[in-house]
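# Breakdown of the fold
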Amino acid sequence: MSTGQGDDQAPAAAALAALPPLDKMSLVAIWTETVLYGNIVLYAGASYVLLNKPRRQRMHFWLLGASTLLFLISTAHVAVSLRQLVEAFTDHTITSIPGGPSLYFLNQTDQLVFAGQLLYLLNVLVQDLVLIWRLYAVLGADWRAPILPLVLEAVNQTTAMYTIVKFFRGTPLEDPEVRRFGILSWSLHLIINIGVTCAIAGKIWWQGRKTVTIRGQNAYLGVVFTILESGGIFAGATLILFVLYINASTGLDALVGVSPIAQLATLSPLLMIARVGFGLTHGTSAAATTGSTQLSTARFGGTSDALRIDINRSQMSDDVDPEGYAMETMKSDR
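Values in this document were obtained by computation on a predicted structure and should not be read as measured data.

Let us now look at the pattern of salt bridges. Oppositely charged side chains can form a pair if their charged atoms are brought close together. Under the defined criterion, the tally for this structure stands at 2 salt bridges. Across the pair glutamate 87 and arginine 83 runs a salt bridge whose closest N-O atoms are separated by 3.2 Å. Here glutamate 87 pairs with arginine 83, and both are found in helix H4 (residues 58–90), just 4 residues apart, close to one helical turn. A residue is classified by how much of its surface remains accessible, and arginine 83, at 47% relative accessible area, is partly exposed. Ionic pairing is found between aspartate 142 and arginine 144, a salt bridge with its closest N-O pair at 2.9 Å. Judged by relative accessible area, arginine 144 falls into the exposed class, the value being 54%.

Shown next, in the form of structure tokens:
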């Protein structure tokens, strides 16, 4: 096990004096991560929704596979975090040194730290790919739609991987080159997450403006709010980490905060599937939307833009492809 601690206590004490209380910060962050690991309930709910569709489609099983992968990654991340806590607060070689736990969490060359960062990147990658796939489906399976997001995602993952590998090899956290790559990676991730989410919501709002409810509102405004709310949780948390990271004095705080954010990367897509599947969209209640009787169906658009939405399931389907797509895909004709 690598602790990054020398035998001399004087250098350790000097380094400790300049550090924030990383031991307490990490303990709180990992505790928060375990609370957010309650997404196991969301995973069960999302799985129930996807496995109990009236007509199960290939895309539902694809989403189930992606959801399962996200849940497994988040489980592995919790396990790694727990192992870090055990080592930091029970290993005598660490606790015997004043401030040993804080120095332990400071060390980015530890294999557990590297493993946790890799799992976080993998979780973000899967979450972003699911989001990009939703955009592709909403825009009528247009192959051009995901090109830019995929290119940005590739650059994002490359720069992020470069950053954590440099940390693992002993590059100081304040190294200017590494910081530039880190800031670029955070920026691209925010652009992808916020941009794609808004594009999906915008497409649905644009279609919904063609039909209104009895109150004169956009018929799909509730669906739009649900997408923005569910996606905004992870985007908002990532934005907080980004603001912390670009400030040199709080850069360490951002790295500590990765632990709970790793769980939000899983929670966000599962929350969207579960909310829609159980009819818990914005402004509606489950009792009003999950019954077996279809409450209302709206149909609008010409032959090149035909779209039908089953409001009780927040489901879009098109004339060419009769297979429904319950908001987790939302497919329309090209």
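Using the criterion set out here, one finds 10 aromatic pairs in the structure. Centroid distance phenylalanine 89 to phenylalanine 105: 6.3 Å. Interplanar angle 50 degrees. Geometry classified as tilted. Note that phenylalanine 89 is positioned in helix H4 and phenylalanine 105 in helix H6 (residues 100–106), a separation of 16 residues in sequence. What makes phenylalanine 89 partly exposed here is its relative accessible area of 34%. The exposure class of phenylalanine 105 is buried, given its relative accessible area of 11%. The interplanar angle of 45 degrees and the centroid separation of 4.5 Å between the aromatic rings of tyrosine 162 and phenylalanine 181 together place this pair among those described as tilted. One end of the pair, tyrosine 162, is in helix H8 (residues 147–168); the other, phenylalanine 181, is in helix H9 (residues 176–208), and 19 residues separate them in sequence. Taking the relative accessible area as the measure of exposure, tyrosine 162 reaches 29% and is therefore partly exposed. Looking at phenylalanine 181, the relative accessible area reads 29%, which means it is partly exposed.

A few words now on unusual backbone geometry. If you check the backbone angles, alanine 141 has positive phi at about 55 degrees while not being a glycine. You can see alanine 141 is positioned in the loop between helix H7 (111–138) and H8.

To continue, consider the nonpolar core. Counting residues in hydrophobic clusters, the biggest one holds 55 residues, and the most contacted among them are Phe105, Tyr120, Trp186 and Ile261. Beyond its immediate chain neighbours, meaning those up to four positions away, phenylalanine 105 contacts Leu22, Asp23, Ser26, Ile30, Gln84, Leu85, Ala88 and Phe89. Formed by 14 residues, the second largest nonpolar core is a distinct cluster that contains Leu131, Ile132, Val138 and Ile192.

Among the secondary structure elements, glycine 231 is positioned in helix H10 (residues 221–246). Placed 38 residues apart in sequence, glycine 231 and asparagine 193 show a C-alpha to C-alpha distance of 7.8 Å. Those residues in contact with glycine 231, other than ones at most four positions away along the chain, are Asn193, Thr197, Ser268 and Met272.

The end-to-end C-alpha separation of H9 is 47 Å, in line with the 48 Å expected for 33 residues at 1.5 Å each. Its side-chain oxygen 3.2 Å from the backbone nitrogen of glutamate 177, aspartate 175 forms the N-cap of H9.

Moving on: a nonpolar patch on the surface. A surface patch of nonpolar side chains, amounting to about 470 Å² of accessible area, comprises Trp143, Ile147, Val151, Val155 and Leu184. Among the elements that line the nonpolar patch, the one with the most residues is H8, at 3 residues. Tracing the backbone through its elements, the reader meets valine 155 in helix H8. Accessibility expressed as a relative area gives 36% for valine 155, which makes it partly exposed.

Moving on, we get to the side chain of asparagine 107. If you trace the backbone, asparagine 107 turns up in the loop between H6 and H7. Classification of asparagine 107 by relative accessible area gives buried; the value is 11%. A distance of 2.5 Å separates a polar atom in the side chain of asparagine 107 from a polar atom in the side chain of threonine 109.

Parameters at a glance
- Residues numbered from 1 in each chain as written.
- Predicted model: local features only at pLDDT ≥ 70, side-chain atom pairs only at ≥ 80, totals over all residues.
- Heavy atoms only, no water.
- Salt bridge = Lys/Arg side-chain N within 4 Å of Asp/Glu carboxyl O.
- Helix = DSSP H or I, 4+ residues; strand = E, 2+ residues; numbered from the N terminus.
- Buried < 20%, exposed > 50% of the residue type's maximum accessible area, 1.4 Å probe, protein only.
- Phe/Tyr/Trp six-rings, centres within 6.5 Å; stacked < 30°, edge-to-face > 60°.
- Core = buried A, V, L, I, M, F, W, Y, C linked by side-chain atoms within 4.5 Å.
- Contact = heavy atoms within 4.5 Å.
- Expected span 1.5 Å × (residues − 1).
- Polar contact = N/O pair within 3.5 Å; in protein donor to acceptor, adjacent residues only side chain to side chain.
- Patch = residues over 30% accessible without salt bridge, like charges linked within 9 Å, V, L, I, M, F, W, Y side chains within 5 Å.
- Areas by Shrake-Rupley, 256 points an atom, 1.4 Å probe, with all protein chains shown as cover.

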